[in-house]
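Summary of structural features
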Amino acid sequence: MVFNILTLFPDIFTGFFSESIIRRAVEAKIVHFNVINIRDYSQDKHKKVDDYPFGGGRGMLFAPDPVFRAIESISERGRVLYPSPKGALLKQPKVRDLARCRILTIICGHYEGIDNRIVENLVDEEVSIGDYILTGGELAAAVIVDSITRELDGSLGNEGSRLEESFDDSGLLEYEQYTRPAEYRGQSVPQVLLSGDHEEIRKWRIKRRLIKTLEKRPELLDEVTVPEDYKKILNEIIKRRGPNERNK
Ligand code: ADE
């Protein structure tokens, strides 16, 4: 998958692309990053890329011309995303949908915003990574890239780890995990995990996922389809804890 990333701050991505799973995905040619410095496309003699907003107001806006020129330099854009708090909230189904694209282009905004003609003419989709305001689109672009990359075949050494994690197809949060030592500073790992009984472990994990979701993100239970074998266990948990548990 090719990511074209338009930014004023290409260095922000250098470390991110050269570590851990993203680095391995680059080395395995699962992803390719084409980072484009918008400033290189400024026609201004001082390489200016921003200007004051018409009608007054705080801060400076990205002027259209450098962004239009930067994007026109790309041979294939694929789907064009603009990370912005105004966009639809990024959730796992959208991540999976984006992961099916062959090429994605992400325009990182900065300052107080960008000229709206950029959004109207060049952007297919605005995407928000949360209900808070970042200083620019770079961190959001990194989040988008990261969440998509781990959906791509071969990017995670062990494909199973993607299938079982939080927000997988069941939409439930993940169960707790432990590694050695079995006892640490007086705290023991749940006995069932040491039992070697795979069926009991599977049931324990389902139960923990349901309980965790019920306690921390009960609204997720309304958004997702809980698999049939989970439903029975969920109803038992709710029955035991009382009818208000889901609304807590
Ligand atoms: N740019 C600034 N804030 C953002 C957010 N919450 N999501 C995506 N892009 C942003």
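Everything discussed here concerns the structure shown above.
Here's what I pulled together on the structure shown here. (Residues numbered from 1 in each chain as written. Predicted model: local features only at pLDDT ≥ 70, side-chain atom pairs only at ≥ 80, totals over all residues. Heavy atoms only, no water.)

Quick look at the environment of Ile233 now. If you trace the backbone, Ile233 turns up in helix H11 (residues 228-241). The buried category is assigned to Ile233, whose relative accessible area is 16%. Those residues in contact with Ile233 that sit more than four places away from it in its chain are Ile206, Lys207 and Leu210. (Helix = DSSP H or I, 4+ residues; strand = E, 2+ residues; numbered from the N terminus. Buried < 20%, exposed > 50% of the residue type's maximum accessible area, 1.4 Å probe, protein only. Contact = heavy atoms within 4.5 Å.)

Right, let's talk about the pattern of salt bridges for a bit. In a structure, side chains of opposite charge can pair up when their charged atoms sit close to one another. All chains considered together, the criterion is met by 20 salt bridges. Note that Asp51 is salt-bridged to Lys48, the shortest N-O span being 3.9 Å. Judged by its relative accessible area of 38%, Asp51 is partly exposed. With relative accessibility at 37%, the residue Lys48 sits in the partly exposed group. For the salt bridge of Arg208 with Glu176, the shortest nitrogen-to-oxygen distance reads 2.6 Å. Of the two residues, Arg208 sits in helix H9 (residues 198-216) while Glu176 sits in the loop between helix H7 (159-164) and strand E8 (183-184), which places them 32 residues apart along the sequence. In the salt-bridge network here, residues are joined through shared partners; they are Arg79, Lys94, Asp97, Arg100 and Glu125. (Salt bridge = Lys/Arg side-chain N within 4 Å of Asp/Glu carboxyl O.)

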